[in-house]
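# Remarks on the overall topology
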Amino acid sequence: MTTATSRADFAGVRTLTVGPERDGQRLDNCLAALLKGVPRSLIYRLLRTGQVRVNGKRAKPDTRLAEGDRLRIPPVRTAGREPGEAPAGQPERLAAAVIHEDRDFLVIDKPSGIASHGGSGVSHGAIELLRAARPREQLELVHRLDRDTSGVLVFARSRAALTGLQALIREGAATKQYLCLLDGRLPRARMDVNAPLRKSVLQGGERMVRVADDGKPALTFFREVERYPGASLVEATLGTGRTHQIRVHAAHIGHPIAGDDKYGSKEANRRYRALGLRRLFLHAARFEFELDGKAYSFSAPLPDDLRGVLDALTAAPAR
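Keep in mind it's a predicted model, so treat the numbers as computed, not measured. (Residues numbered from 1 in each chain as written. Predicted model: local features only at pLDDT ≥ 70, side-chain atom pairs only at ≥ 80, totals over all residues. Heavy atoms only, no water.)

Another point: the packing of helix 1 (residues 27-34) against helix 2 (residues 40-48). At a minimum axis distance of 10 Å, the contact between helix 1 and helix 2 shows a crossing angle of 125°. As the angle between them shows, helix 1 and helix 2 are arranged oblique. As helix 1 runs across helix 2, the sense of the crossing is right-handed. In this structure, helix 1 uses Leu 27, Asp 28, Asn 29, Leu 31 and Ala 32 to contact helix 2, whose residues at the interface are Arg 40, Ile 43, Tyr 44 and Leu 47. Of the residues contributing to the contact of helix 1 with helix 2, the split by class is six nonpolar, one polar and two charged. (Axes fitted to C-alpha atoms, helices over the stretch in contact; angles between N-to-C directions. Helix = DSSP H or I, 4+ residues; strand = E, 2+ residues; numbered from the N terminus. Parallel < 35°, antiparallel > 145°, perpendicular 65-115°, else oblique. Left-handed = near helix turned anticlockwise from the far one by under 90°. Contact = heavy atoms within 4.5 Å. Nonpolar A, V, L, I, M, F, W, Y, C, P; charged D, E, K, R; others polar.)

The following block contains the structure:
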C-alpha cells in the first residue's frame, strides 16, 4: 500500500492507494492493521459515520478492497494511547489452545468467552492476544466465531493463505461443521433449512438476525447425532455463512439452541442452567478445505463443560 499523504501520528487526513498485498482484504481488517493501537470500536464508528471513504464513497466494514483503490482515512489521534492489559490468564489460556500451525496457518480451539477480535466493549480478542504473544509473526483472522461459541478458529500467516481460504469460504468450498444441543427432538434425523436471513442493528449496536423473504440466502444442514431426554445433539453444517445462521435457523424450526439468550426459549434455558449449562451450547467441531493441492482438516473435541451438560441430561428423568 502506497501513501500519497501521511503523518506518523495520524493527526491529519491520509489518502492511501491499496497495493497488491491488501487486494481482497476486508476494509475493517485493513484499518485495524494500519491504525495500530486504535480500538475496533473507534474504527467501526469512523466507518459508520462515513469518515472513511473508498474511492470517494462511504463503505461498510466488510467491503473488500481491490488493488488500486483509493482509501481516505480521517484524523485519528493515538498519541499516548496503549491498549490495556489482557485479562489475567487469557494469553496463557489461548497459547494452550493451539491445535495446529504450519507455514500458512495457525489454528486454535477457541475457548468460550473469548471474542474473535476486540471491539464493542471487548479490548482483547483472540487475534489481539495472539499478536501480542507472537509479535514477530504476521497473523490475520480468516473467519469469526461468536464470543460464546467454542471450537476451531483459523488464522492465516500470509496474505496468500488469507485470501485463498477466504475465497474458498465465499465460494462454499470449505466445510464448517458445528455441534449444538437443540431443545426438543427433531421430527426427522436430517433437516435442511433453507430460509433467507436479514440482519439489522438495534439501537445500542446489538445485532439481530431474523428470517425474512427479502433477506440473503441461507442454508443449514442439520443431522441428529444423539437423542437425550427433551433434547437433541445435532451436527450443523453450513451451506452459507450468515451472521448467527445456525442459531436463527434452529429457532426458526422450533428447536432453539440450548443456552441461547438472544434467540432461544427463556423457560428452556432455565432448565439447562439447572443442568450446569452456563453458555450457548454451540461448538465449531470441524473445518476442512483444500488449498493449492493440499488438504486441511482441523477438529476440536466437545469441551468438558458441554460434555458435563450431556452427562447431566442422561441422568435426568425423561419429560
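What follows picks up the thread again.
This part is about helix 8 (residues 304-315). Side chains three or four residues apart in an α-helix point the same way, a direct result of the helix having 3.6 residues per turn. The terminal C-alpha atoms of helix 8 lie 16 Å apart, and with 12 residues this matches the ideal 16 Å at 1.5 Å per residue to within 8%. Of the residues making up helix 8, those classed as buried are Leu 306, Val 309, Leu 310 and Leu 313. The buried residues of helix 8 occupy an angular sector of 100° when the element is viewed end-on, so they sit on one face. With respect to the buried face of helix 8, the exposed residues turned more than 90 degrees away are Asp 304, Asp 311, Thr 314 and Ala 315. Considering only its buried residues, helix 8 is in contact with strand 10 (175-183), strand 14 (219-228), strand 15 (231-238), helix 7 (266-274) and strand 16 (282-291). (Expected span 1.5 Å × (residues − 1). Buried < 20%, exposed > 50% of the residue type's maximum accessible area, 1.4 Å probe, protein only. Arc of directions from axis to C-beta.)

Attention now moves to the side chain of Thr 237. For Thr 237, the location among the structural elements is in strand 15. Within the local environment of Thr 237, its side chain forms a polar contact with the side chain of Gln 177, the two groups lying 3.4 Å apart. Each residue touching Thr 237, except ones within four places of it in the same chain, is listed here: Thr 175, Lys 176, Gln 177, Leu 219, Thr 220 and Phe 221. (Polar contact = N/O pair within 3.5 Å; in protein donor to acceptor, adjacent residues only side chain to side chain.)

The subject of this paragraph is the pairing of strand 7 (residues 105-110). In terms of burial, strand 7 is largely enclosed, as five of its six residues are buried. By the bridge criterion, three bridges tie strand 6 (residues 98-101) to strand 7 in an arrangement that is antiparallel. By the bridge assignment, His 100 is partnered in strand 7 with Val 107. Hairpin geometry of strand 6 and strand 7 is characterised by an intervening segment of three residues between the two adjacent antiparallel strands. (Pairing = 2+ DSSP bridges.)

Tallied over the full model, the rule gives 18 salt bridges. The closest approach of N and O atoms between Arg 271 and Asp 183, which form a salt bridge, is 3.1 Å. Here Asp 183 lies in strand 10 and Arg 271 lies in helix 7, a separation of 88 residues in the sequence. Given a relative accessible area of 27%, Arg 271 falls into the partly exposed group. Look at Asp 183 and you get buried, because its relative accessible area is 14%. Residue Glu 288 is joined to Arg 286 by a salt bridge in which the shortest nitrogen-to-oxygen separation is 3.5 Å. For Glu 288, a relative accessible area of 28% translates into the label partly exposed. (Salt bridge = Lys/Arg side-chain N within 4 Å of Asp/Glu carboxyl O.)

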